[in-house]
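Topology and contacts: notes
Chain by chain, the residues run as shown.
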Amino acid sequence: MAEKNKLSIISMSGDFDKAIAVFTLASGAAAVNYEVNIFFTFWGLNSIKNVGGRSFIGKGVLARFFNFLLGGRKNLPLSRLNFGGLSPILMTGMMKGKNVATLDELFAASKALGVNFYACEMAMHVLGLTREDFIPEVKDVLGVASFLEMSQGGQTLFI
Amino acid sequence: MAEKNKLSIISMSGDFDKAIAVFTLASGAAAVNYEVNIFFTFWGLNSIKNVGGRSFIGKGVLARFFNFLLGGRKNLPLSRLNFGGLSPILMTGMMKGKNVATLDELFAASKALGVNFYACEMAMHVLGLTREDFIPEVKDVLGVASFLEMSQGGQTLFI
Amino acid sequence: MAEKNKLSIISMSGDFDKAIAVFTLASGAAAVNYEVNIFFTFWGLNSIKNVGGRSFIGKGVLARFFNFLLGGRKNLPLSRLNFGGLSPILMTGMMKGKNVATLDELFAASKALGVNFYACEMAMHVLGLTREDFIPEVKDVLGVASFLEMSQGGQTLFI
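First, a word on scope: everything that follows refers to the structure included in this document. Going along each chain's sequence as written, the residues are numbered from 1 onward. Each chain takes a letter, starting from A, and each ligand takes a number, starting from 1, following the order in which they are written. Residues qualify for local features only when their pLDDT is at least 70, as the model is predicted, and side-chain atom pairs are given and counted only at 80 or more; totals for whole chains, interfaces and linings, by contrast, use all residues. For the side-chain quantities, the full set of heavy atoms in the structure was used; hydrogens and water were omitted.

Some words on the overall build of chain A
Worth spelling out the cut-off: Comment: elements are numbered from the N terminus, with helices defined as DSSP H or I runs of at least four residues and strands as E runs of at least two. Relative accessibility thresholds used throughout: buried, under 20% of the residue-type maximum; exposed, over 50%; partly exposed, between the two (1.4 Å probe, protein chains only). Residue contacts follow a heavy-atom distance rule, with two residues in contact if any of their heavy atoms lie within 4.5 Å. All accessibility values rest on the Shrake-Rupley procedure with a 1.4 Å probe; residue burial counts only the protein chains present in the view.
Counting secondary structure elements, chain A contains 6 helices and 5 strands. Going residue by residue from the N terminus, the α and β elements of chain A occur as β-α-β-α-α-α-β-α-β-α-β. In chain A, which comprises 159 residues, the share counted as buried stands at 59%. Long-range contacts, defined here as pairs at least 24 residues apart, represent 69% of the contacts in chain A between residues at least 6 apart. Approximately 6,100 Å² of chain A is accessible, and the part contributed by carbon and sulfur atoms is 56%.

Notes on the interface of chain B and chain C
Basically, it comes down to this: The buried area of a pairing is the accessible area, by a 1.4 Å probe, that goes missing from both parts when the two are put together, added over both. Here, a salt bridge means any Lys or Arg side-chain nitrogen found within 4 Å of an Asp or Glu carboxyl oxygen. Pairs of N or O atoms are called polar contacts if they sit within 3.5 Å, as long as, within protein, a hydrogen donor faces a hydrogen acceptor (for residues adjacent in sequence, only side-chain-to-side-chain pairs).
Between chain B and chain C, the contact holds 29 residues from the first and 28 residues from the second. Here chain B and chain C share an interface that buries about 2,600 Å² over both sides, 74% of which is from carbon and sulfur atoms. In this structure, the connection of chain B to chain C is made through 0 salt bridges. Run the count over chain B and chain C and you get 5 residue pairs in polar contact (both at pLDDT 80 or more).

Quick notes on the packing of aromatic side chains
Applicable threshold: Each aromatic pair joins two rings of Phe, Tyr and Trp (for Trp, the six-membered one) with centres within 6.5 Å, and gets the label stacked for planes under 30 degrees apart, edge-to-face for over 60, and tilted for any other angle.
Under the counting rule described, the total for this entry stands at 24 aromatic pairs over all chains. Cluster of aromatic residues (ring-pair linked, three or more members): Phe23(A), Phe40(A), Phe107(A) and Phe117(A).

Quick notes on the sheet that holds strand 3 (residues 116-120) of chain B
Residue and element names in this part refer to chain B. Here is the rule we go by: By this definition, two strands are paired if DSSP reports at least two bridges between them. Note on method: axes are straight lines fitted to C-alpha atoms, helices fitted across the in-contact stretch only, with angles between N-to-C directions ranging 0 to 180 degrees.
Reading across from one edge, 4-3-2-1-5 is the order of the 5 strands in this open sheet, with parallel pairing throughout. Whereas interior strands pair on both sides, the edge strands pair on one side only; in this sheet they are strand 4 (138-142) and strand 5 (155-158). Within this sheet the neighbouring strands show an average axis-to-axis angle of 20 degrees, counted without direction.

Notes on the relation of the copies chain B and chain C
What counts, and what does not: Our superposition of the copies is a least-squares fit, built on the C-alpha atoms of residues whose pLDDT is at least 70 in both.
Between chain B and chain C, the superposition needs a rotation of 120 degrees and an axial shift of 0.0 Å, giving an RMSD of 0.0 Å. Expressed as an axis order, the relation between the two copies is that of a three-fold axis. When the interface residues of chain B are mapped onto chain C, a mere 10% of them are again interface residues, pointing to distinct binding faces.

Side note on the pattern of salt bridges
Residues and elements named next belong to chain A. Under the definition given, this model contains 3 salt bridges over all chains. The partner of lysine 111 in a salt bridge is glutamate 137, with the nearest N and O atoms 3.7 Å apart. One end of the pair, lysine 111, is in helix 4 (residues 103-112); the other, glutamate 137, is in the loop between helix 5 (121-127) and strand 4 (138-142), and 26 residues separate them in sequence. Residue classification places lysine 111 among the partly exposed positions, given a relative accessible area of 30%. With a relative accessible area of 38%, glutamate 137 lands in the partly exposed category.

Quick notes on the relation of the copies chain B and chain A
The two copies are related by a screw motion: chain B maps onto chain A through a turn of 120 degrees and a shift of 0.0 Å along the axis, at an RMSD of 0.0 Å. A share of only 11% of interface residues in chain B that are also interface residues in chain A marks the association as one of differing surfaces.

Considerations on the side chain of Thr156(A)
Take Thr156(A): it is sitting in strand 5 (residues 155-158). A distance of 2.8 Å separates a polar atom in the side chain of Thr156(A) from a polar atom in the side chain of Gln155(C). With residues up to four places along the chain from it excluded, the contact list for Thr156(A) reads Ser8(A), Ser151(A), Thr156(B), Gln155(C), Thr156(C) and Leu157(C).

Regarding the pairing of strand 5 of chain A
All names here are of chain A. Side chains of strand 5 alternate between two faces, with Gln155 and Leu157 and Thr156 and Phe158 buried alike. The pairing of strand 1 (residues 6-11) with strand 5 spans 4 bridges and is parallel. From the neighbouring strand, isoleucine 9 faces strand 5, where its bridge partner is leucine 157.

So, the layout of surface pockets
The condition that has to hold: Grid spacing is 1 Å over the protein atoms alone, the probe is 1.4 Å, and a cavity is where that probe fits but cannot get out, while a pocket is an open set with protein on both sides within 12 Å along at least five of seven lines and lining residues have an atom within 4 Å of a point. Grid points are joined across faces, edges and corners, and a volume is the space filled by probe spheres set on the points. As a working rule, the residues Ala, Val, Leu, Ile, Met, Phe, Trp, Tyr, Cys and Pro are called nonpolar, Asp, Glu, Lys and Arg charged, and the rest polar, with Gly in that last group.
Size it by volume and the second largest pocket reaches roughly 500 Å³. Contributing to the lining of the second largest pocket are 26 residues, with Gly154(A), Gly153(B), Gly154(B), Gly153(C) and Gly154(C) lying nearest its centre. Contributions of two or more residues to the lining of the second largest pocket are made by strand 5 of chain A, strand 5 of chain B together with strand 5 (155-158) of chain C. The residue makeup of the lining of the second largest pocket, split by class, is no nonpolar, 18 polar and 8 charged.

Thoughts on the interface of chain B and chain A
Tallying the contact residues gives 28 residues for chain B and 29 residues for chain A. Where chain B meets chain A, there are 0 salt bridges. Across the contact surface, chain B and chain A share 5 residue pairs in polar contact (both at pLDDT 80 or more). Going through the elements one at a time, helix 2 (61-70), helix 5 (121-126), helix 6 (144-150) and strand 5 of chain B are the ones with two or more residues in the side of chain B that touches chain A. Considering every element that reaches the side of chain B that touches chain A, the biggest residue donor is helix 2 of chain B, with 5 residues. Partitioned by chemical class, the residues of the side of chain B that touches chain A number 18 nonpolar, 7 polar and 3 charged.

A look at helix 4 (residues 103-112) of chain B
One turn of the α-helix equals 3.6 residues, which is why residues spaced by three or four share an orientation. Residue and element names in this part refer to chain B. Rule in force here: To be clear, the arc concerns the directions from the helix axis to the C-beta atoms.
Within helix 4, burial applies to Leu103, Leu106, Phe107 and Ser110. Projected onto a plane normal to the axis of helix 4, the buried residues spread over an arc of 100 degrees and lie on a single side. Residues of helix 4 that are buried make contact with helix 1 (16-31) and strand 3. Positive phi shows up at glycine 114, right after helix 4, with a value of about 80 degrees.

Concerning the sheet that holds strand 4 of chain A
The strands that make up a sheet pair up through hydrogen bonds in the backbone, lying either parallel or antiparallel. All names here are of chain A. Reading across from one edge, 4-3-2-1-5 is the order of the 5 strands in this open sheet, with parallel pairing throughout. In this open sheet, the two edge strands, each paired with only one partner strand, are strand 4 and strand 5. Each neighbouring strand pair of the sheet contributes to a mean axis angle of 20 degrees, computed without reference to strand direction. The strands that helix 1 (residues 16-31) touches are strand 1, strand 2 (35-40), strand 3 (116-120) and strand 5; relative to strand 2, the one it contacts most, it runs at about 160 degrees.

See the structure below:
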């Protein structure tokens, strides 16, 4: 039996459009039967937080402050032309108008298609986040070396 | 016969310096006989638009507005220290002064060396763009899964 | 004897958090015995400058001006929520408070673990930098095609 194709993504960005890229690639690859692994680190962790919006989570004043400012899956900024959060809303409207999957739908599709989510141990530690701050679908908390070894033999992208 | 080395690039950024990176890598690899495939998506699509500068293309008011703001190959901003568009001009001047290929030249070299250009179906749909909005050298309009499969067995970069 | 795993990184960004990512991946992979190669280009070159802070190095007025603005390893900005340089300082404080390696420590670890540093010939030329502007650990000055060939058979990331 041939081995499965594999796609691994290191998701570090907290930008709306980069998150769209992560989950489009993940769900697209999973749909054609790839093994897909995503390693969320730093701003990327916002995508897998339990709370969709802004919130003061984390341990320590600074960590809570950073986490609040960074927001969650529901209020990621666009990497360009953000206009104070207006553009992601307009863009979501354009995607709906065109019957293209929105970020929420791409995220749901990735979960449904069995994409593996991993959270970065070090970044969680720095931001004062624990396993409980993330959605239950997060498979494991890993170090970067473990993730690199897991992604051997496939394509690996840093987004 | 040995298989050709392969480099695949997912080009999502609309920044001047990132575009320099895409076409330097593409033309550099093609020059040493790699098969090179570039998948242009979202802001990356600006690099392969027919019109070099800003223009109101696309279907729908929002799409036309976004496309105008994003501009084209001739007015990409620098990802840092842009100074309202002054820096890319200064940088192009520095590149010319040093006899280093400019973005236009790197782009022309990539075309001449047979780099394969692909446009992302979904992003075109969201931005209301059609095949006719792009340069004739664009080989095909693809989904992300098809591009991933095409890039199997080589190096794949997300820029 | 099995071949060594290999990780290659093209480091183009001058952001503090991206530099953290580069040196975390590099030192993490080197610690589990990977061959690690980093190709520093454009803003990424700041990480391997001799001088840690801002300085007017380079040949030509424009080059000196750019190099001053870009700064060095000691004053890289955060890609988001930079607050005029305050955030990288706070983040370094958080990392220290949590006993997580700081950028300086990750950089030192990468050097100690034998990570190979390469500088991009073209970017050095554009920015008017010479071999003497960089730390002695820089192994060689290369073109992009040479680096791609060196990274064949491993994982390659663009950061």
